[in-house]
2 protein chains.
Amino acid sequence: VNNMDRLFEAVGKRGHVCVGLDTAAEYLPPRGGGDTKAVLDFNRAIIDATADVAACYKVQIAYYEEAGLSGLLAYSKTLAYIREKGGLAIADIKRGDIADTAARYAAGHFSGDFEADFVTLSPYMGMDSIEPWLKLAGEKGKGAFVLMRTSNAGMRDFEYLEVQGTGGTRRLYHAVGDKLSELASLHLGMHGYGAFGAVVGCTEREEAAGIRLDYPNLFFLIPGYGAQGGAADDAALLLRGGNGGVVNASRSILKAWVAEAEASGVDKSEVTLDFAAGAARRAVVAMRDAILAAVGEGK
Amino acid sequence: VNNMDRLFEAVGKRGHVCVGLDTAAEYLPPRGGGDTKAVLDFNRAIIDATADVAACYKVQIAYYEEAGLSGLLAYSKTLAYIREKGGLAIADIKRGDIADTAARYAAGHFSGDFEADFVTLSPYMGMDSIEPWLKLAGEKGKGAFVLMRTSNAGMRDFEYLEVQGTGGTRRLYHAVGDKLSELASLHLGMHGYGAFGAVVGCTEREEAAGIRLDYPNLFFLIPGYGAQGGAADDAALLLRGGNGGVVNASRSILKAWVAEAEASGVDKSEVTLDFAAGAARRAVVAMRDAILAAVGEGK
């Protein structure tokens, strides 16, 4: 048993949506206020409205670091609220540093003020920047997702470079995937996934099936849905037997109230937290159902 | 003029040492206490004792994130103290994320509670994760160091992979260096360096001269000195005309009091902040002089 089992089971119960709480103050409805306390209240309302229809939450720390210490207080309380509600939190921190430093980061993000269930990590410096996280993850029942092939255009700069390998076109992201898969195979959970999975965007459709086949023991955190161009059937190609991944969306959920207000002729300055939370829930349900339908068709 | 000019001039005046404030509570002398307030007091004493003999300070945020919100308060106040003393601070944060997120991080680390003069960045996701930092760096007179070839053993996993390129052995770190050098060439400072330099460890002696020749417009932040095996003459190979880089050391400076107490028969439980600060200053001066001597021999 490892922490990826909990995420696997959450997907089975509530679908694949990972709600991205990349909450900028300017995403809030006007009546929600604009400071970091308002951001926390907004996050709590979104969590309350989506807890039974989302697999998990991804909290992008940059949006809180931007506001300094008060922002990180809101970050800490957002993670605590997810835990309090029995939800699963992915801290999107993309840390990556030498072993001694990685152990410090791990203590900081797997316990204490910033405790989360999962983190995201960056592999550039090599596996000795990843492995120190594993030890504490094992002790505390935590997990991680390591950047492999991301959803931004710039991924072509380095992740896409062809590297020396055994036969065929192997890119840097394959080298990362190979190392992660090797690591995962040492301690598989009861559903066949390692506690450390990978970040794989749903933006390059033609590669998705190959990646899924190459790395059956990696659970995927899948960005790139919606605004970045990925659709439900793209995301479905990165799943295995209808599970094995969560699909993140942020702005399309957090700002669903804007589109709903426009569509229904509601004055945006009158939008309340309840209205915004209801719109977010409807956006999550629509996304969940679209992915479930795509998974069904793919079977 | 850009922020690397300030660092170049600091090296000219005070030598190459970058004091790494990777301050774990257990590095403090017993009489210094063990909480985050004590860490801040210790950092202030080290800064006071080394301001005229060090080029700059590198504050490794992981050692503060580990302690949560109170740790980050000490981090914020350490950066503020360096600024107050007229020193230069490198925030060792190794962030790297998609463009929108990178802009949030940049606002968070080039202004507000966590304002620093330079940051470190991770290139895995590509240049669109680096470029958003440049805009704010230009406006605010800031700079950055992007991970290129680090000093840890794990750098062989990915940084060292051979990639498809034009002639000769090209490794992933060359691909990163090429992109950084291209970026630097667009806006060189008065001393010939871009505002964004690179992290290059002094641990692989045989490659150092080649890297320096390949990337004349990149100012280097050089880790790996001392504990990780790099010596003064290794670091000197990464300099150009005696400048163009700062050499980081952390534990050998912060814990210099341990060796001094042992050598002089002082009871470690009696070591004061003043004693520790004096030992740190002597360690910085010795390191500064060793590098200056190596640079002199290399000329």
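Residues numbered from 1 in each chain as written. Chains lettered and ligands numbered in written order. Predicted model: local features only at pLDDT ≥ 70, side-chain atom pairs only at ≥ 80, totals over all residues. Heavy atoms only, no water.

Engineer: Which residues make up the overall build of chain A, and what values do they have?
Structural biologist: A tally of helices and strands in chain A yields 12 helices and eight strands. Oriented by its inertia axes, the alpha-carbon framework of chain A measures out at about 60 × 45 × 35 Å. Of the contacts formed within chain A by residues at least 6 apart in sequence, a portion of 75% connects residues at least 24 apart. Summing over all exposed atoms, chain A offers an accessible surface of approximately 10,500 Å²; the carbon and sulfur share of this is 52%. Considering chain A, the positive charge centre built from 31 side chains and the negative charge centre built from 38 side chains are found 4 Å apart. (Helix = DSSP H or I, 4+ residues; strand = E, 2+ residues; numbered from the N terminus. Contact = heavy atoms within 4.5 Å. Areas by Shrake-Rupley, 256 points an atom, 1.4 Å probe, with all protein chains shown as cover. Lys, Arg positive; Asp, Glu negative; His and termini not counted. Charge placed at Lys NZ, Arg CZ, Asp CG, Glu CD.)

Engineer: Kindly report on the relation of the copies chain B and chain A, identifying the contributing residues and their values.
Structural biologist: Under the fitted operation, chain B is carried onto chain A by 0.0 Å of movement along the axis and a turn of 180 degrees, and the coordinates agree to an RMSD of 0.0 Å. Taken together, these values place the two copies in the relation of a two-fold axis. By C-alpha distance to the rotation axis, the residue of chain B lying nearest is Val163 of chain B, at 2.2 Å. Both copies present the same face, since 100% of the interface residues in chain B are matched by interface residues at the equivalent positions in chain A. (Least-squares fit on C-alpha atoms with pLDDT ≥ 70 in both.)

Engineer: Give a detailed account of the interface of chain B and chain A, specifying residues and quantitative values.
Structural biologist: Counting from both sides, the interface comprises 60 residues of chain B and, opposite them, 60 residues of chain A. Summed over the shared surface of chain B and chain A, the result is 12 salt bridges. For Lys179 of chain B, the salt bridge is made with Asp157 of chain A, and the minimal N-O distance between the two is 3.7 Å. At the junction of chain B and chain A, the tally comes to 33 residue pairs in polar contact (both at pLDDT 80 or more). The greatest single-element share of the side of chain B that touches chain A, amounting to seven residues, is contributed by helix α5 (residues 99-110) of chain B. Classifying every residue of the side of chain B that touches chain A gives 29 nonpolar, 15 polar and 16 charged. (Salt bridge = Lys/Arg side-chain N within 4 Å of Asp/Glu carboxyl O. Polar contact = N/O pair within 3.5 Å; in protein donor to acceptor, adjacent residues only side chain to side chain. Nonpolar A, V, L, I, M, F, W, Y, C, P; charged D, E, K, R; others polar.)

Engineer: How would you explain helix α1 (residues 3-14) of chain B if you had to name every residue and give the values?
Structural biologist: Residues and elements named next belong to chain B. A rise of 1.5 Å per residue sets the reference length of α1, with its 12 residues, at 16 Å; its end C-alpha atoms lie 17 Å apart and thus fit the reference within 8%. A side-chain oxygen of the first residue of α1 lies 2.8 Å from the backbone nitrogen of Met4; this N-cap is Asn2. Just beyond α1, the residue with positive phi is Gly15, at close to 90 degrees. (Expected span 1.5 Å × (residues − 1).)

Engineer: Break down the environment of Val119 of chain A for me, with residues and values.
Structural biologist: Here Val119 of chain A shows up in strand β4 (residues 118-121). Apart from residues no more than four positions distant in its own chain, Val119 of chain A is found in contact with Ala91, Ile93, His109, Phe110, Trp133, Gly143, Ala144 and Phe145 of chain A.

Engineer: Break down empty space enclosed by the protein for me, citing the residues and quoting the values.
Structural biologist: Scanning the entire structure with this criterion turns up one cavity of 30 Å³ or more. Approximately 30 Å³ is the volume found for the largest cavity. Lining the largest cavity are Ile61, Glu65, Leu72, Arg95, His109 and Phe114 of chain A together with Glu65, Leu72 and Arg95 of chain B. Tallied by class, the residues present in the lining of the largest cavity amount to four nonpolar, one polar and four charged. (1 Å grid on protein atoms, 1.4 Å probe; cavity = no way out; pocket = protein on both sides within 12 Å on 5 of 7 lines; lining within 4 Å. Points joined across faces, edges and corners; volume = space filled by probe spheres on them.)

Engineer: Describe helix α4 (residues 68-84) of chain B, and please don't skip the residues or the numbers.
Structural biologist: With 17 residues, α4 of chain B ought to run about 24 Å at 1.5 Å a step, and its terminal C-alpha atoms sit 24 Å apart, in line with that. All of the buried residues along α4 of chain B are Gly68, Leu69, Gly71, Leu72, Ala74, Tyr75, Ser76, Thr78, Leu79, Tyr81 and Ile82 of chain B. Tucked into the core, α4 of chain B has its buried residues touching α4 (68-84) of chain A together with α2 (36-50), β2 (56-60), α3 (62-65), β3 (89-95) and α5 of chain B. Among the residues trailing α4 of chain B, Gly86 of chain B stands out with phi positive, at a value near 75 degrees. (Buried < 20%, exposed > 50% of the residue type's maximum accessible area, 1.4 Å probe, protein only.)

Engineer: Hey, could you go over the state of the cysteines for me, with residue numbers and the actual values?
Structural biologist: The full count for this structure, using the stated rule, is zero disulfides over all chains. In this model Cys18 of chain A remains outside any disulfide bridge; the closest cysteine sulfur is found in Cys56 of chain A, 3.6 Å from its own. (Disulfide = S-S within 2.5 Å.)

Engineer: Pulling in residues and values, what's your account of the pairing of β3 of chain B?
Structural biologist: Residues and elements named next belong to chain B. Counted residue by residue, β3 has seven buried out of seven residues, so it is predominantly covered. On β3, burial covers both faces: Ala89, Ala91, Ile93 and Arg95 on one face and Ile90, Asp92 and Lys94 on the other are all buried. Bridging between β2 and β3 involves four bridges; their strand directions are parallel. Residue Val59 lies in a different strand from β3, and its bridge partner there is Ala91. Following the backbone out of β3, through α5 and into the adjacent parallel strand β4 (residues 118-121), one traces a crossover that is right-handed. (Pairing = 2+ DSSP bridges. Right-handed = clockwise from strand over helix to strand, strands pointing away.)

Engineer: Which residues make up the sheet that holds strand β6 (residues 196-200) of chain B, and what values do they have?
Structural biologist: Residue and element names in this part refer to chain B. Pairing is parallel in the closed barrel, where eight strands are placed in the order β1-β2-β3-β4-β5-β6-β7-β8. On average, each strand axis in the sheet is tilted by 30 degrees relative to the strand beside it, whichever way the strands run. Strand direction decides the pairing type here: β6 and strand β7 (residues 220-222), joined by two bridges, are parallel. Within β7, the position partnered with Val199 by the bridge is Leu221. (Axes fitted to C-alpha atoms, helices over the stretch in contact; angles between N-to-C directions.)

Engineer: Break down the pattern of salt bridges for me, with residues and values.
Structural biologist: Taken as a whole, this structure holds 46 salt bridges over all chains when the rule is applied. For the salt bridge of Arg104 of chain A with Glu26 of chain B, the shortest nitrogen-to-oxygen distance reads 2.8 Å. Of this pair, Arg104 of chain A sits in helix α5 (residues 99-110) while Glu26 of chain B sits in the loop between β1 (17-20) and α2, on two different chains. Lys58 of chain B is the salt-bridge partner of Asp92 of chain B, the closest N and O atoms lying 2.7 Å from each other. Placement of the pair is Asp92 of chain B in strand β3 and Lys58 of chain B in strand β2, with a sequence separation of 34 residues. A residue is classified by how much of its surface remains accessible, and Asp92 of chain B, at 3% relative accessible area, is buried.

Engineer: Go over the sheet that holds strand β3 (residues 89-95) of chain A, please, and point to the residues and values.
Structural biologist: Residue and element names in this part refer to chain A. Spatially, eight strands are ordered β1-β2-β3-β4-β5-β6-β7-β8 in a closed barrel, and the strand pairing comes out parallel. Neighbour-to-neighbour, the strand axes of this sheet turn through a mean angle of 30 degrees, independent of strand direction. Of the strands in this sheet, β2 (56-60), β4, β5 (143-149), β6 (196-200) and β8 (245-249) touch helix α1 (residues 3-14), which is tilted by about 80 degrees from β5.

Engineer: Run through the nonpolar core, naming residues and quoting values.
Structural biologist: Counting 226 residues, the largest nonpolar core has Leu21, Tyr75 and Trp133 of chain A together with Leu21, Tyr75 and Trp133 of chain B as its most contacted members. Top contributing element to this core by residue count: helix α12 (residues 273-298) of chain B, with nine residues. Residues contacting Tyr75 of chain A, with those up to four places away along its chain left out, are Val59, Ile61, Tyr64, Ala91, Ile93, His109 and Phe114 of chain A. (Core = buried A, V, L, I, M, F, W, Y, C linked by side-chain atoms within 4.5 Å.)

Engineer: Tell me about the packing of aromatic side chains, and please be specific about residues and values.
Structural biologist: Going through the model one piece at a time under the given rule, you end up with 16 aromatic pairs over all chains. For the pair Phe145 of chain A and Phe219 of chain A, a centre-to-centre distance of 6.4 Å together with 55 degrees between the ring planes defines the contact as tilted. A residue pair is termed long-range when its members are at least 10 positions apart, and Phe145 of chain A in strand β5 and Phe219 of chain A in the loop between α8 (205-214) and β7 (220-222) qualify at 74 residues. Each ring, one from Phe110 of chain B and one from Trp133 of chain B, has its centre 5.6 Å from the other, and the planes form 85 degrees; the classification is edge-to-face. With Phe110 of chain B in helix α5 and Trp133 of chain B in helix α6 (residues 131-140), this pair connects stretches of sequence that are 23 residues apart. Judged on exposure class, the residue Phe110 of chain B and its partner Trp133 of chain B are both buried. Grouped by ring-pair contacts, the aromatic residues Phe8, Phe118, Phe145, Tyr193 and Phe219 of chain A constitute a single cluster. Directly above the ring of Tyr173 of chain B sits Arg149 of chain B, whose terminal nitrogen or CZ lies 5.9 Å from the centroid. (Phe/Tyr/Trp six-rings, centres within 6.5 Å; stacked < 30°, edge-to-face > 60°. Lys NZ or Arg CZ within 6 Å of the ring centre and 35° of its normal.)

Such coordinate-based values are descriptive only and should not be taken to indicate function.
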